[in-house]
Amino acid sequence: MTDQPKVRLRGLYKIFGPRDKEMMTHVTAGMGKPELLEKHKHVLGLQDINVDMQAGEITVVMGLSGSGKSTLIRHLNRLIEPTAGEILVDGEDVMKLNAVDLRQRRQKKMSMVFQKFALLPHRTVLENAAMALEVQGVDKAEREKEGMKWLARVGLEGYENHYPAQLSGGMQQRVGIARALTSNSDIMLMDEAFSALDPLIRTDMQNLLLELQTELHKTIIFITHDLDEALKLADHLVILKDGAVVQQGEPQGILLNPADPYIEDFVSDINRARVLRVRSVMQPLDAGQSFAGDVQLNDNLESLIAVSGGDTSKTYRVMEDGEAVGQLDMRDLVKALVPRVSSSEAK
Amino acid sequence: MAFYDGLFRVLGLEDWCGGGDSAAPLSMADLLSQNSGEDSGGPIFPFPSLDNLSESCSGISQTRDLTKGIEDSFLAAKPALKTVLDPITQPLSWMLDGALWLFASIPWWIMIPLLVFISWKASRSVAVTIFVAFSILLLAFVDHYDVAMQTLSIIFVCTGISILLGVPIGIAMSKSNRLQKAIVPVLDLLQTLPTFVYLIPLIFLFSVTESKLYGIAIILYAIVPVIRLTDLGIRLVDKDVIEAANAFGMNSNQKLVKVELPLALPNIMAGVNQTIMMSLAMVVIASLVSAPGLGVNVLRGIRNLELGVGIVAGIGIVLLAVILDRVSKAALSRVDMTHKTH
């Protein structure tokens, strides 16, 4: 992790409407979303977003529909212009770029994967994959070589000359990912990239993405409305509600310490045993303790329950790269599995 | 004593009107009633139209003055219009004359196979190609080959120019809502104006012996669908795909050439098909202003009541229409194919 975040959003606001700049005064004075809509007919899309996205990490922005997550991701390459705030990429303010530099930036630095794939229907899979390089003016042989390489990497070898409409949804999105990878940009923006796919394919695609990520270490900004997906992929999780960040941080931390009832509701429904990992619930190593066995730092709790056979009296030694780094009491594990009482049940 | 005399008296406008006596020429209605020898007196409460008001007040002009005024102002503007339009449109005359000459001078045994070959290339359909060959041979068999070729050459030139002008106009319209608002009424006007009315100002401007006279009339009439459908087609291009093009940093030219035009092509082709059909409709009417071709025979059939001549020429036009329609439709569906699942 470097000192400087790859992408940094500072005080980002977006108000939709013809007089958005004027509305800023109301919003900074504390006017909320419903009030602004009722009194001034302007929609508050994003308010005071401050997020740092580290290089080589997957930052997942999660929220329900209408929470502004798609709006947020489009600010990063300025498909949507913010009303106020700064967008710093590699320390440089994207807002200060002119049209030519901005296009340059979109070509070389940021690629995007879309929910509805957005492939060019009149072009073959290979031509689609090579599109990013074509825009950059790379010659045909070179860009097709790159396109072939990445299509093979996402498992589409042999489909180069098909048209997108001939492929299934999952395969089309693989083309979308290959297209983004071919551009060789270090930032990948993924806007609900897997939301249109059915669950099994979605899991496949998530695994593909994680696999690619261990190899390529891109800075990925991933948008989703699915908490399971968010927890599976995220190094850094940002939860949006009504255009504002409710909580952000390491996903395991959010799961164990939800900041407000909204997030508690969110996290109460998921399979915690599968998402939580040993490292999140382990204790420091206590000398003289006897262990029932060894577990890995990144194992999830589900696998540990299977190993222990459900016996809560056991304690395990936690290993990382062959070294003991902590211990895990099965009683702690069981406690971690019970979510804090959610707001709806508390009433 | 006219109905509105009292009105002008009350308003105190008698002086301005120049007394009750109307110095204006008699209106047609007056003339008729005079001739029939009796004063009908007219309706009890006539509509305050120009003619009726001018009966009471000669200061107000009659409707015929209005139409005369339009005519006079057009005539006054004619020299200026002519100096501008003449050189601009001159190439059209050359093109039409050139195409007519070309189609006439290529011998039939080259021309017919060539047309059949073109229809094969465009449609890739055996049925359509056989139909084209059959129709042209039939026309030639009844000695309508020359006139049919004249009609065809005019359509080729006019459709070509319509596409050349119409597609860029359509693109510009799709890019600017303001331009679209400005052009749509003009297109509506061109499409609804009775076809004969087109010819009137053109006859004033250009001599009837010039080919551009009918060329302009055909193009004005036929250009509408290709403009409309180009505009529509580009506006209908999937917003997600446009967004993807933006996200990968395409500039507006790249977007137009690589994304918008290819995706709008089925619509543009539908527009071209309509343009071909409409220029065929107009080329018949344009025979009134010396456009050669099958229309001349239709006109002859009407003028001299030669039923057979008119009907054969009419069927010839139908055959040409079906040929052009089927070939362009087959080409269109071939374009569509690449966009859909095979």
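Computed from a predicted structure; not experimentally measured.

## Concerning the sheet that holds strand β11 (residues 294-296) of chain A
Strand pairs in the sheet, formed through backbone hydrogen bonds, run parallel or antiparallel to each other.
Residues and elements named next belong to chain A.
Part 1 of the argument: The three strands are arranged β11-β12-β13 in an open sheet whose pairing can be described as mixed. Every interior strand has two partners, whereas the edge strands, β11 and β13 (323-329), have only one. Strand after strand, the sheet turns through a mean of 40 degrees between neighbouring axes, direction not considered.
Part 2 of the argument: With three bridges connecting them, β11 and strand β12 (residues 315-320) associate as parallel partners.

## Points about the domain arrangement of chain B
Part 1 of the argument: Domain assignment breaks chain B into domain 1 (5-61) and domain 2 (78-341).
Part 2 of the argument: For domain 1 of chain B and domain 2 of chain B, the distance between their C-alpha centres works out to 51 Å.

## Focus on helix α11 (residues 211-235) of chain B
Residues and elements named next belong to chain B.
Part 1 of the argument: In this model, α11 (25 residues) spans 36 Å end to end at C-alpha, consistent with the 36 Å of a helix rising 1.5 Å per residue.
Part 2 of the argument: Of all the bends found along α11, the most pronounced is centred on I223 and spans about 35 degrees, while P225, a proline, follows it within four residues.
Part 3 of the argument: Among the 25 residues that make up α11, 21 are buried, leaving the element largely enclosed by the rest of the structure.

## Looking at the packing of aromatic side chains
All names here are of chain A.
Part 1 of the argument: Applying the stated rule across the entire model yields five aromatic pairs over all chains.
Part 2 of the argument: Taking 5.4 Å as the distance between ring centres and 55 degrees as the angle between the ring planes, the aromatic pair formed by F194 and F222 counts as tilted. Residue F194 is found in the loop between β7 (187-191) and α9 (199-216), and its partner F222 is found in strand β8 (residues 219-224); the two are separated by 28 residues along the sequence. Neither residue differs from the other here; F194 and F222 are each classed as buried.
Part 3 of the argument: Seen from their ring centres, Y262 and F266 are 5.3 Å apart, and the 85 degrees between their planes marks the pair as edge-to-face. With Y262 and F266 both in helix α12 (residues 261-268) and four residues apart, the pair spans about one turn of that helix. Each member of the pair Y262 and F266 is classed as buried.

## Description of the packing of helix α10 (residues 195-205) of chain B against α11 of chain B
Residue and element names in this part refer to chain B.
Part 1 of the argument: At a minimum axis distance of 10 Å, the contact between α10 and α11 shows a crossing angle of 140 degrees. Looking at the two axes, α10 sits oblique to α11. Here the hand of the crossing between α10 and α11 comes out right-handed. Two secondary-structure elements touch here, α10 through T195, Y198, L199, L202 and I203 and α11 through L213, I216, A217, L220 and Y221.

## Here we look at the interface of chain A and chain B
Part 1 of the argument: Contacts between chain A and chain B engage 27 residues on the former and 20 residues on the latter.
Part 2 of the argument: Both sides of the chain A and chain B interface together cover about 2,000 Å² of buried area, and 65% of this is carbon and sulfur.
Part 3 of the argument: Summed over the shared surface of chain A and chain B, the number is three salt bridges.
Part 4 of the argument: Measuring nitrogen to oxygen at the nearest pair gives 2.4 Å for the salt bridge that ties R74 of chain A to E243 of chain B.
Part 5 of the argument: Between the two partners, chain A and chain B, sit six residue pairs in polar contact (both at pLDDT 80 or more).
Part 6 of the argument: Elements represented by at least two residues in the side of chain A that touches chain B include exactly α4 (99-108), β6 (110-113), α6 (131-136) and α8 (169-182) of chain A.
Part 7 of the argument: Considering every element that reaches the side of chain A that touches chain B, the biggest residue donor is α6 of chain A, with four residues.
Part 8 of the argument: The residue makeup of the side of chain A that touches chain B, split by class, is 14 nonpolar, six polar and seven charged.

## Remarks on the pairing of strand β9 (residues 236-241) of chain A
All names here are of chain A.
Part 1 of the argument: In terms of residue burial, β9 counts as a mostly covered element, since five of its six residues are buried.
Part 2 of the argument: With four bridges joining them, strand β3 (residues 58-62) and β9 adopt parallel strand pairing. Residue pairing across strands places V60 opposite L237, the latter belonging to β9.
Part 3 of the argument: By the bridge criterion, five bridges tie β9 to strand β10 (residues 244-249) in an arrangement that is antiparallel. In the strand pairing of β10, I239 is matched with Q247.
Part 4 of the argument: Between β9 and the antiparallel strand that follows it, β10, lie two residues; D242 among them carries a positive phi value of about 50 degrees.

What counts and how
- Residues numbered from 1 in each chain as written.
- Chains lettered and ligands numbered in written order.
- Predicted model: local features only at pLDDT ≥ 70, side-chain atom pairs only at ≥ 80, totals over all residues.
- Heavy atoms only, no water.
- Pairing = 2+ DSSP bridges.
- Helix = DSSP H or I, 4+ residues; strand = E, 2+ residues; numbered from the N terminus.
- Axes fitted to C-alpha atoms, helices over the stretch in contact; angles between N-to-C directions.
- Domains from an automatic or database assignment.
- Expected span 1.5 Å × (residues − 1).
- Bend = angle between axes of the 7 residues up to and from the residue.
- Buried < 20%, exposed > 50% of the residue type's maximum accessible area, 1.4 Å probe, protein only.
- Phe/Tyr/Trp six-rings, centres within 6.5 Å; stacked < 30°, edge-to-face > 60°.
- Parallel < 35°, antiparallel > 145°, perpendicular 65-115°, else oblique.
- Left-handed = near helix turned anticlockwise from the far one by under 90°.
- Contact = heavy atoms within 4.5 Å.
- Buried area = accessible area lost by both parts, 1.4 Å probe.
- Salt bridge = Lys/Arg side-chain N within 4 Å of Asp/Glu carboxyl O.
- Polar contact = N/O pair within 3.5 Å; in protein donor to acceptor, adjacent residues only side chain to side chain.
- Nonpolar A, V, L, I, M, F, W, Y, C, P; charged D, E, K, R; others polar.

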